[in-house]
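# Structural overview
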Amino acid sequence: MTQKIIIDTDPGQDDALAILLALASPEVEVLGIVAAAGNVPLSLTSTNIRKICELAGRPDVRVFSGCEGPMEGSLFTAEYVHGATGMDGADLPEPTMPLQAQHGVDFIIETVMANAPGTVTICTLGPMTSLGTALAREPAIAARIKQIVSMGGGLFEGGNVTPAAEFNIYVDPRAAEIVLGCGAPIVLMPLDVTHKTLTTSARVAAVKALGTRLSDAVVGWLEFFERFDEAKYGTDGGPLHDPNVIAYLIKPELYAGRLCNVEIETKSELTKGMTVADWWGVTQRPKNATFMRDVDADGFYALLTERLQRLPHTA
């Protein structure tokens, strides 16, 4: 059965691949994409999403602007990883498809309320600001959401923007706190998983071998994006984070994790944005999220490459 999804994202090269994977996969129906401020400011992410949709031959997808900054505090961005545009590495034309007039938060609320309970999945690939704002504004949507699948957090891998915090959670810990406490079923794809899906030279070569305009753009993104993490971690390739969210919806058997309690640290200057995951069950706090830890990385890349081949084959 096709899964209805809303994607909330801040492209980002890895976000771009997640969107392409979703648009290439009949297992999911993308009801709309909400732009988040995160990797770069909202004006850029809302443009980048439309560039990606047009690259995929899908100008029909509805794209909405979300929130311009976190629920509390000021916006922290990651041009030092993703480049000035957020998607450096491929030169794509300015989009011609429009942004929708409706605000992304209103779109999330309206869509969840208009569909039957338990039929809409929310996929967050960036800071959870729009979803957190939607839940704060209309708490009734929590009971109607099928599940929330998010790239965010880390436990055994620690953080990637501070020793304790992963970027998406760090940018808006208050929103993450609201989402983790909303009561909807939640699946987290933390650094513990994404650091196992490395863009090795062989995996990038397999994408390059597709020989399309789209695959050329993807390779450009990967080669730009991975340079930061290769220098940081000393690995062959860098972690490919966000496509794991979509891959999980398509082939959940690629992943293994544990239902446990996950809380968000919002107060400490030292550990702001930390996902405090009770993996070993040492507290009595209620289990509120499936925290993934393992992935079949070869299976993940086989799926991603196969689906990229389904998208437009303009040479």
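Before any of the text, the structure's been laid out above.
Analysis parameters
- Residues numbered from 1 in each chain as written.
- Predicted model: local features only at pLDDT ≥ 70, side-chain atom pairs only at ≥ 80, totals over all residues.
- Heavy atoms only, no water.
- Helix = DSSP H or I, 4+ residues; strand = E, 2+ residues; numbered from the N terminus.
- Rg over C-alpha atoms; globule rule 2.2 N^0.38 Å.
- Buried < 20%, exposed > 50% of the residue type's maximum accessible area, 1.4 Å probe, protein only.
- Contact = heavy atoms within 4.5 Å.
- Areas by Shrake-Rupley, 256 points an atom, 1.4 Å probe, with all protein chains shown as cover.
- Lys, Arg positive; Asp, Glu negative; His and termini not counted.
- Charge placed at Lys NZ, Arg CZ, Asp CG, Glu CD.
- Patch = residues over 30% accessible without salt bridge, like charges linked within 9 Å, V, L, I, M, F, W, Y side chains within 5 Å.
- Salt bridge = Lys/Arg side-chain N within 4 Å of Asp/Glu carboxyl O.
- Axes fitted to C-alpha atoms, helices over the stretch in contact; angles between N-to-C directions.
- Parallel < 35°, antiparallel > 145°, perpendicular 65-115°, else oblique.
- Left-handed = near helix turned anticlockwise from the far one by under 90°.
- Phe/Tyr/Trp six-rings, centres within 6.5 Å; stacked < 30°, edge-to-face > 60°.
- Pairing = 2+ DSSP bridges.
- Core = buried A, V, L, I, M, F, W, Y, C linked by side-chain atoms within 4.5 Å.
- Nonpolar A, V, L, I, M, F, W, Y, C, P; charged D, E, K, R; others polar.

## Section: the overall build of the protein
Across its full length, the protein holds 12 helices and 10 strands. Relative to the compact-globule value of 20 Å for 315 residues, the protein shows a C-alpha radius of gyration of 18 Å, a close match. Seen through its principal axes, the protein has C-alpha atoms that stretch 55 × 45 × 40 Å. When each of the 315 residues of the protein is scored for burial, the buried share is 59%. Within the protein, counting contacts between residues at least 6 apart in sequence, those at least 24 apart form 83% of the total. When the accessible surface of the protein is split by element, carbon and sulfur atoms take 53% of a total near 12000 Å². For the protein, the distance from the average site of its 24 positive side-chain charges to the average site of its 38 negative ones is 5 Å.

## Regarding a nonpolar patch on the surface
A surface patch of nonpolar side chains, amounting to about 390 Å² of accessible area, comprises Phe156, Trp280 and Val282. When its relative accessible area of 61% is taken as the criterion, Trp280 is described as exposed.

## What to know about the side chain of Arg203
With respect to the element layout, Arg203 can be found in helix α9 (residues 201-208). Residues in contact with Arg203, not counting those within four places in the same chain, are Lys196, Thr197, Leu198, Ala297, Asp298 and Tyr301.

## Some remarks on helix α7 (residues 173-180)
Within α7, 6 of the 8 residues are buried, leaving the element largely enclosed by the surrounding structure. Taken together, the buried positions of α7 are occupied by Pro173, Ala175, Ala176, Ile178, Val179 and Leu180.

## Observations concerning the side chain of Gln147
Along the polypeptide, Gln147 turns up in strand β5 (residues 145-151). According to the relative accessible area criterion, Gln147 is buried, its value standing at 14%. In this view, Gln147 contacts Gln3, Val120, Thr121, Ile122, Pro185, Val187, Tyr248 and Leu249; residues no more than four positions away in its chain are not counted.

## Some details on the packing of helix α5 (residues 129-137) against α7
The interhelical angle for the contact between α5 and α7, taken along N-to-C directions, is 55 degrees, at an axis separation of 8 Å. Classified by the angle their axes make, α5 and α7 are oblique. Handedness of the α5/α7 crossing: left-handed. Across the interface between the two elements, Thr129, Leu131, Gly132, Leu135 and Ala136 of α5 pack against Ala175, Ile178 and Val179 of α7.

## A word on the packing of aromatic side chains
What the rule picks out here adds up to 9 aromatic pairs. Taking the centre distance of 6.5 Å and the plane angle of 75 degrees together, the rings of Phe156 and Trp280 count as edge-to-face. Of this pair, Phe156 sits in the loop between β5 and α6 (167-171) while Trp280 sits in the loop between β9 (275-277) and β10 (289-295); the two residues are 124 residues apart in sequence, bridging distant segments of the chain. Here Phe156 falls in the partly exposed class, since its relative accessible area comes to 38%. Note on Trp279 and Phe291: the rings are 6.5 Å apart at their centroids and 70 degrees apart in plane angle, and the pair reads as edge-to-face. Here the residue Trp279 occupies a position in the loop between β9 and β10, and Phe291 occupies one in strand β10, the gap between them amounting to 12 residues. Relative accessible area serves as the criterion here: at 8%, Trp279 is assigned to the buried category. Three or more aromatic residues joined by ring pairs make a cluster, and in this case those are Phe76, Tyr80, Phe167 and Tyr170.

## Focus on the sheet that holds strand β7 (residues 255-260)
One open sheet holds the 8 strands; their spatial order is β3-β2-β1-β4-β5-β6-β10-β7, and the pairing between them is mixed. Here the strands that pair on one side only, and so sit at the sheet edges, are β3 (63-65) and β7. When strand polarity is set aside, the average angle formed by the axes of neighbouring strands in this sheet is 25 degrees. With 7 bridges connecting them, strand β1 (residues 3-9) and strand β2 (residues 28-35) associate as parallel partners. Residue pairing across strands places Asp8 opposite Val34, the latter belonging to β2. Lying over the sheet, helix α2 (residues 42-55) contacts β1, β2 and β3, oriented at roughly 150 degrees with respect to β2.

## So, the nonpolar core
By size, the foremost hydrophobic cluster in this structure holds 63 residues, and its most contacted members are Trp221, Ile246 and Tyr255. With 8 residues, the single largest contributor to this core is helix α1 (residues 13-23). Core analysis: the next-biggest nonpolar cluster, separate from the first, contains 36 residues, Val34, Ile109, Met128 and Ala289 among them.

## A word on the packing of α9 against helix α12 (residues 297-308)
As a packed pair, α9 and α12 sit with axes 10 Å apart at the nearest point and diverge in direction by 15 degrees. With respect to α12, the axis of α9 lies roughly parallel. The way α9 lies across α12 gives a crossing that is right-handed. Along its contact with α9, which presents Arg203, Ala206 and Val207, the element α12 presents Ala297, Asp298, Tyr301, Thr305 and Leu308. When its residues are assigned to classes, the contact of α9 with α12 shows 5 nonpolar, 1 polar and 2 charged.

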